[in-house]
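Tertiary structure, described
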Amino acid sequence: MKFKMLLALILLCFVSAVSGFGQSAEEIMALPDSMAMAPPAPPSNVRGVDTDNDHGHSITLTWETSPDDGAGLNNVIGYKVFRAESPDGPFIERALIPSGGTGHIDVGAKEKDANDYLPDHVGFYYKVRAITADSLIYAESEVFGPVQSYGQWFNTGRVPVLVFVIFFLFVTLFFIQKAKGGANLFVRRLAGIEAVDEAIGRATEMGKPILYVLGLGTAADIATIASYTILGRVAKKVAEYQTGLIVPCYDPIVMTVAQETVKASYMDAGRPDAYYEDMVYFVTQSQFAYVAAVNGTMLRERPATNIYMGKFYAESLILAETGALAGSIQISGTDEIAQIPFFVVACDYTLIGEELYAASAYLGREPLLLGSLKAQDYAKAAAIIIAIIGFITMNFGIEAFKHLFYVSN
Amino acid sequence: MSRTMIILLALVAIVFAVSWAAKSASLDDQYDDYISRGFLITLAAFLTLSILSFLYKDNPFYKFAEHLFVGVSAAYWMSLGFWSTIVGNLIPRLSVTLSAFFKVPHIEDEYALYILPDKVSYFIPVVLGILLLMRLSKKAGWISSWPLAFIVGTTAGLNLVRYLRSDFIEQVSSTFVPLLVDWQGTGRFFSDFNLYAYGQFVTMLGNWVIFIGVLCGLVYFFFSKEHKGIFGGASRVGIWVLMITFGASFGYTVMGRISLLVGRLTFLFHDWLELIG
Amino acid sequence: MTGWIPRIIAISGSDIGIIISLVVIGGGLAWLLKQSIKAGDVDRRIVFLFIFISVSVPILFPITFSETATPIVKKLYDRIENLPEGSAVLISFDFDPAMAPEVQPMADAFARHCLAKNHKVIFMSLWATGQSLLSTTLQNVVRPEFPEKIEGVDFANLGYKAGNEGVLNVIVTNFRKMFPTDVNSIPLDSIAVFKKIRSCQDLDLIISIGGGKPGAKEWILFVGDPANVPMGCGVAAVTAPQLYPYYPKQLLGILGGIKGAAEYESELVRHYDRFADVKKPGLRMMGPQTLAHVVIMAFIVLGNISYFVTRRRGKKP
């Protein structure tokens, strides 16, 4: 047996060497089995369809593997996919798939001048070739075609995203409208607001001012907008108790709005005479220079309470640490997640993320904030319900629910 | 300027000069431009030490280094904005002549709107950009809110869909976790028990923490209901989860900051003083 | 040095480091505890001094610890290891010099691993300052350690492109629209690496290295999820906790801070002999890290002890 195999191998080497001297491929393929590798059975049932949910220029192919792929002669090492514009060719090679493969997505360029441009609405013909280790021994399937590619207007794989977008937009607009109409939307009282009230009381007892920092955000940041409302509340209390208020600002536009807010609060409290413009002042728009200035104020004025509300970045810890050293009570709130840990460590009370918005909505009852907050609550409720249902179905081995949330590209 | 300050300045100047000379001498056999290299390394070391001196107390060296940094970075970003956005992205698409002038390869019109003549579509961002600069004028400042509205609008639209998919749908469906992971009976459970995170027990515990943590965290941020009873309990668990997260985050930050210090000290010891190999 | 006396004297640099650190830090902390109980407050500069000693001594006298890769790192390593040869891997340098000591070791390690596995690597940057750090990796790692790899054939350098998420939004469907040429002004069509790569959807793996915005999160939002491309990331420690929710579904693995880098390096050294002698900044940094952490933990404990002791003393009279 071994001897026979050796002989066959030597013969094979010989034949392949000779084939270089004039024998054509067809002749080699016609050689008896004992002398060369037998060609495998061809792949069958080649089918092509336009690829779903795309912008066109792509055709999805499927086929059944050759019976000699992984079984039978077991000599198939892969498949080559060929494409042509007519059933007679010329065929061009499009892909090489390892053995066992039963499909390929033939994606071409959509630009006309690109090398592999694949036009839409043009019939194409495909064939699949099972290849062996010997490049001259292969088997080809029947030609399939014509098949055309075209683009779809709607990607059904993204339906879950659409559903949620519509849901959120609807809920948000609905609640903003409702809040504008004066509906009484319930927002629970937050412990942070009580902390603010207490801190103002303490400042009054000590006869020391309150320092209010609006952060580094611009006037358009939601955190800054939320901060104005809280500043309004603080200013009103301060006016009532006749305590001092210091508001150093980073952004000139923020400063202008803050001045208006504080002024309005003093009016509300019936003490417009106690208001003076320098309560709210501009410092600088350089991050660390601003911090240095505010730190200086903290150490000189020794405010009883420091309130940090708005957008904060790397300066959060420096501010809060200095304030703690100065012995002030500190209350902070920001939606910058990365900065919250520093505030939590160095402040007496911290409004975490959305609590800042909630505090503002609770105090200001501003329809836009209140409506969005309500909408977010509903979104959270939806998330909780979906998570629970998903969790239960998952544990009972029902996969269907999970598939509802599958988004394809 | 006080006398001590003058002495200190002189001292620093001497140390700087000596370091420059010594550094240049040590780089002599490696580089042709050893004098400028020696200067740059010495300058970098001086600036590093100036900034670190703030830990002792605020001083003129720190202020100098800080102002230098602020000034240099402002100028750097400005020139970079011009070269990468205007020369890098706009000019190659706008005009063949300008591309040749700035020596950037010209790009064929690929965003042609078909209804508009060639290249016209690129003038839309140019106009919006100029409108944005109207901010500098006091009278016409209001015009800048138009391009700003465009930016805010497109960003919001783009982000809404992306965030909804990646941060909502994918994240919520990530909480659909099995309670019992590959449960293979108590015998297997005890024999396979280990403290690594890939242990069966720990995976299961992780799934529980994810599920309960997500739910309780959401409950904590639910503002439409008073936190009393079961709801209050869940919200208390939620705040615990949050605090543990912040603790982990804080710990990670400490590690990050120490790494940066190691980076700076390695520069001082290796590149400047050559104490280590 | 064979005699018994030299053998006792012959202590390595690492031993010196450990001994000095233990003596200085241990003694110092004991003194500090006494002081803090006696006087209450301790000057913060003393804390800085301790951190300085605990960090600098292990740099001067290197102390190394062995690392084992945690699953979150190992999974990313395994993915690169198991991708078939010639897979397309994109490494994005989304960081600046301020973050470099933490994340550059990761970038180097990823570049080494991918090239050693004969993957086709595409380098790019969403940060202007990232481009020069990308050149640093090419200069210090790719060219000297892989002289046989040819730019354009085995790896490509797209450089930096302004536009943040906008860039991602375009390359998710077409690279050539955003990058008509590579960093050397060679058209993408004439670069072999890009022969079969039209968009990010044709990539086998994307790795974002960074810690700011735009960074790994933007890659997930704008490319990873919409194009269903597997993603991994190496991030500065500060950002790492915010990326954990994306693991393991949207991120195959995360290298968080220098610990992640050290774990990856150790995994590389374990499997590849050729990397035994290359610089391993991640592993080297773990010595100072460990010591600094011990000191910080000691401070927390001491602070609490002195707090409780002084409080009790305050209550007594």
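For every chain, the first residue of its written sequence is number 1, and the numbers climb from 1 along that sequence. Chain letters and ligand numbers both follow the written order, the letters beginning at A and the numbers at 1. Local features in a predicted model are, by the rule used here, given only for residues with pLDDT of at least 70; side-chain atom pairs are given and counted only at 80 or more, and totals for whole chains, interfaces and linings are based on all residues. Processing note: side-chain calculations cover all non-hydrogen atoms of the structure and skip hydrogens and water entirely.

**What to know about the overall build of chain B**
Each helix corresponds to a stretch of at least 4 residues labelled H or I by DSSP, and each strand to a stretch of at least 2 residues labelled E; elements are numbered beginning at the N terminus. Within chain B one finds nine helices and zero strands. When its helices and strands are written in sequence order, chain B yields α-α-α-α-α-α-α-α-α. The protein chains shown are the only cover counted for residues, whose accessible areas, like all others here, come from Shrake-Rupley with a 1.4 Å probe. Entry remark: accessible area of chain B is about 17,300 Å², with carbon and sulfur atoms responsible for 74%.

**Some words on the sheet that holds strand β1 (residues 44-50) of chain A**
Residue and element names in this part refer to chain A. Any two strands are treated as partners once DSSP identifies two or more bridges connecting them. Pairing is antiparallel in the open sheet, where three strands are placed in the order β1-β2-β5. Edge strands, defined here as strands with exactly one partner in the open sheet, are β1 and β5 (103-107). Each neighbouring strand pair of the sheet contributes to a mean axis angle of 20°, computed without reference to strand direction. Examined bridge by bridge, β1 and strand β2 (residues 58-64) share five bridges and lie antiparallel to one another. To obtain each axis, a line is fitted to C-alpha atoms, and for helices this fit is confined to the stretch in contact; angles are then taken between N-to-C directions over 0 to 180 degrees.

**Considering a nonpolar patch on the surface**
Residues and elements named next belong to chain A. A contiguous nonpolar surface patch, about 690 Å² in accessible area, is contributed by Trp153, Phe154, Val159, Leu162, Val163 and Ile166. Along the chain, Leu162 falls in helix α3 (residues 159-180). The classification of residues rests on relative accessible area computed with a 1.4 Å probe and restricted to protein chains. Under 20% of the type maximum is buried, over 50% is exposed, and intermediate values are partly exposed. Take Leu162: its relative accessible area is 39%, and that puts it in the partly exposed class. Candidate patch residues must exceed 30% relative accessible area and have no salt bridge, after which like charges are joined if within 9 Å and Val, Leu, Ile, Met, Phe, Trp or Tyr side chains if within 5 Å. By definition, a salt bridge exists where a carboxyl oxygen of Asp or Glu is found within 4 Å of a side-chain nitrogen of Lys or Arg.

**Section: the confidence of the model for chain A**
Low-confidence regions, as indicated by low pLDDT, have predicted coordinates that should not be scrutinised in detail. Confidence of the predictor at the level of single residues is captured by pLDDT, which takes values from 0 to 100. For chain A, the mean per-residue pLDDT works out to 84, and 90% of the residues sit at or above 70. Counting interchain partners and residues more than four positions distant, the pLDDT-below-50 stretch residues 11-35 of chain A has 16 contacts. Any two residues having at least one pair of non-hydrogen atoms within 4.5 Å are treated as being in contact.

**As for the pattern of salt bridges**
In this structure the tally under the stated criterion is 27 salt bridges over all chains. A salt bridge links Arg112 of chain C to Glu145 of chain C; its shortest N-O distance comes to 2.8 Å. Here Arg112 of chain C is found in helix α5 (residues 100-116), whereas its partner Glu145 of chain C is found in helix α6 (residues 130-145), with 33 residues between them in sequence. Here the two residues Arg112 of chain C and Glu145 of chain C agree in accessibility, since each one is buried. One salt-bridge network, in which partners are shared between bridges, spans Arg189, Glu194, Asp197 and Arg233 of chain A.

**Focus on the interface of chain C and chain A**
Across the contact, eight residues belong to chain C and 11 residues belong to chain A. Buried surface at the junction of chain C and chain A, both sides included, amounts to about 790 Å², of which 34% is carbon and sulfur. The interface formed by chain C and chain A contains zero salt bridges. Two N or O atoms form a polar contact when they lie within 3.5 Å of each other; inside protein one atom must be a possible hydrogen donor and the other a possible acceptor, and for residues adjacent in sequence the pair counts only when both atoms belong to side chains. Linking chain C with chain A are one residue pair in polar contact (both at pLDDT 80 or more). Residue polarity follows a fixed list, in which Ala, Val, Leu, Ile, Met, Phe, Trp, Tyr, Cys and Pro are nonpolar, Asp, Glu, Lys and Arg are charged, and the others, Gly among them, are polar. By residue class, the composition of the side of chain C that touches chain A is two nonpolar, four polar and two charged. By definition, the buried area sums, over both parts, the 1.4 Å-probe accessible area that each loses when the two are put together.

**Structural notes on the interface of chain B and chain C**
Listed per partner, the contact involves 48 residues of chain B and 53 residues of chain C. Interface of chain B and chain C: buried area, both sides summed, is about 4,200 Å²; carbon and sulfur atoms make up 64% of it. Considering only the surface of chain B that becomes buried against chain C, Arg162, Tyr252 and Met255 of chain B emerge as the three largest contributors, covering 15% of it. One can count two salt bridges joining chain B with chain C. At the junction of chain B and chain C, the tally comes to 16 residue pairs in polar contact (both at pLDDT 80 or more). Residue assignment for the side of chain B that touches chain C shows that the elements contributing at least two residues are α3 (60-94), α6 (145-173) and α9 (229-272) of chain B.

**Comments concerning the side chain of His104 of chain A**
Here His104 of chain A shows up in strand β5. Leaving out residues up to four positions away in the same chain, His104 of chain A has contacts with Ile59, Thr60, Leu61, Trp63, Val81, Ala95 and Ile97 of chain A.

**Quick look at the nonpolar core**
To form a nonpolar core, buried Ala, Val, Leu, Ile, Met, Phe, Trp, Tyr and Cys residues must be joined to one another through side-chain atoms within 4.5 Å. One finds Phe110, Phe123, Ile171, Phe175, Phe194, Leu203 and Trp219 of chain C to be the most contacted residues of the largest nonpolar core, which totals 111 residues. Top contributing element to this core by residue count: α5 of chain C, with 10 residues. Setting aside its immediate chain neighbours within four residues, Phe123 of chain C contacts Ile91, Phe93, Ala111, Leu134, Leu138, Val142, Phe155, Ala156, Asn157, Leu158 and Gly159 of chain C. Among the nonpolar cores identified, the runner-up in size contains 57 residues, and Tyr212, Val254, Leu351 and Leu369 of chain A belong to it.

**Focus on helix α5 (residues 222-241) of chain A**
Helix span, as expected, comes to 1.5 Å for every residue beyond the first. Given a rise of 1.5 Å per residue, 20 residues ought to cover 28 Å, and the 29 Å separating the end C-alpha atoms of α5 of chain A matches this to within 8%. Positive phi shows up at Gln242 of chain A, right after α5 of chain A, with a value of about 60°.

**Details of the domain arrangement of chain A**
Taken domain by domain, chain A holds domain 1 (44-147), domain 2 (156-183 + 368-403) and domain 3 (191-365). Just the C-alpha atoms count here: the centres of domain 1 of chain A and domain 3 of chain A sit 67 Å apart. Where each domain begins and ends is defined by an automated method or by a domain database.

**Side note on the packing of aromatic side chains**
Centres within 6.5 Å make a pair out of two Phe, Tyr or Trp rings, where for Trp the six-membered ring is used; the pair is then stacked when the planes are under 30 degrees apart, edge-to-face when over 60, and tilted otherwise. Throughout the structure, instances matching the rule amount to 43 aromatic pairs over all chains. Consider the rings of Phe16 of chain B and Phe39 of chain B, whose centres lie 5.9 Å apart with planes at 70°: the pair is edge-to-face. Placement of Phe16 of chain B in helix α1 (residues 3-27) and of Phe39 of chain B in helix α2 (residues 34-52) is noted, with a sequence separation of 23 residues between them. Assessed through its relative accessible area of 17%, Phe16 of chain B is described here as buried. Both rings, one in Phe82 of chain B and one in Phe102 of chain B, keep their centres 6.1 Å apart while their planes meet at 65°; by these two values the pair is edge-to-face. One end of the pair, Phe82 of chain B, is in helix α3; the other, Phe102 of chain B, is in the loop between α4 (96-101) and α5 (120-133), with 20 residues separating them in the sequence. When its relative accessible area of 33% is taken as the criterion, Phe82 of chain B is described as partly exposed. Its relative accessible area of 21% is what places Phe102 of chain B among the partly exposed residues. Pairwise contacts between aromatic rings join Phe164, Phe167, Phe168, Phe401 and Phe405 of chain A together with Phe168 and Phe176 of chain B into one cluster. The ring of Tyr138 of chain A has Arg129 of chain A lying over it, and the distance from NZ or CZ to the ring centre is 3.9 Å. Charge over a ring is defined by NZ of Lys or CZ of Arg lying within 6 Å of the ring centre and within 35 degrees of the ring normal.

**Here we look at the domain arrangement of chain B**
Residue and element names in this part refer to chain B. Parsing chain B into structural domains produces domain 1 (1-57) and domain 2 (177-272). With eight residues of domain 1 at the contact, the number on the domain 2 side is five residues. Summed over both sides, the interface of domain 1 with domain 2 buries roughly 660 Å², with 75% coming from carbon and sulfur. At the junction of domain 1 and domain 2, the tally comes to zero salt bridges. The interface formed by domain 1 and domain 2 includes four residue pairs in polar contact (both at pLDDT 80 or more). Residue assignment for the side of domain 1 that touches domain 2 shows that the elements contributing at least two residues are α1 and α2. Broken down by element, the residue count for the side of domain 1 that touches domain 2 peaks at six residues, all from α2. Taken together, the residues of the side of domain 1 that touches domain 2 sort by class into four nonpolar, three polar and one charged.

**Notes on unusual backbone geometry**
A cis amide bond, omega -5°, links Lys213 of chain C with the succeeding residue Pro214 of chain C. Relative to the helices and strands, Pro214 of chain C resides in the loop between β4 (205-210) and α9 (216-227). With omega at 0°, the peptide bond leading from Tyr247 of chain C into Pro248 of chain C counts as cis. Note that Pro248 of chain C resides in the loop between α10 (240-243) and β6 (254-256). A positive phi is found at Gln242 of chain A, a non-glycine position, where the angle reads about 60°. Within the secondary structure layout, Gln242 of chain A lies in the loop between α5 and β10 (245-249).

**Some words on the sheet that holds strand β14 (residues 349-352) of chain A**
All names here are of chain A. Pairing in this open sheet of six strands is parallel, and the strands run β11-β10-β9-β12-β13-β14 from one edge to the other. The open sheet is flanked by β11 (280-282) and β14, the only strands paired with a single partner. Strand-to-strand twist in this sheet, taken as the mean axis angle between neighbours without regard to direction, amounts to 15°. As paired strands, strand β12 (residues 305-311) and strand β13 (residues 329-334) are joined by five bridges and run parallel to one another. Looking at the pairing, Ile307 lines up with Ile331 of β13. Sheet strands touched by helix α4 (residues 191-206): β9 (210-215), β12, β13 and β14. Its angle to β13, the strand with the most contacts, is close to 145°.

**Let's talk about helix α10 (residues 354-364) of chain A**
Along an α-helix, residues three or four positions apart point the same way, because every turn accommodates 3.6 residues. Residues and elements named next belong to chain A. Burial of α10 is extensive: eight of the 11 residues sit out of reach of the surface. Looking at α10, one finds that the buried residues are Glu354, Glu355, Leu356, Tyr357, Ala358, Ala359, Ser360 and Ala361. Positive backbone phi, at 55°, marks Arg365, one or two positions downstream of α10.

**Some points on the environment of Val107 of chain A**
Its location among the elements puts Val107 of chain A in strand β5. Val107 of chain A sits in the partly exposed class, given a relative accessible area of 37%. Put simply, Val107 of chain A and Leu404 of chain A are 297 residues apart on the chain and 28 Å apart in space, counted from C-alpha to C-alpha. Setting aside anything within four residues of it in sequence, one finds Val107 of chain A in contact with His57, Ser58, Arg94, Asp116 and Leu118 of chain A together with Arg198 of chain C.

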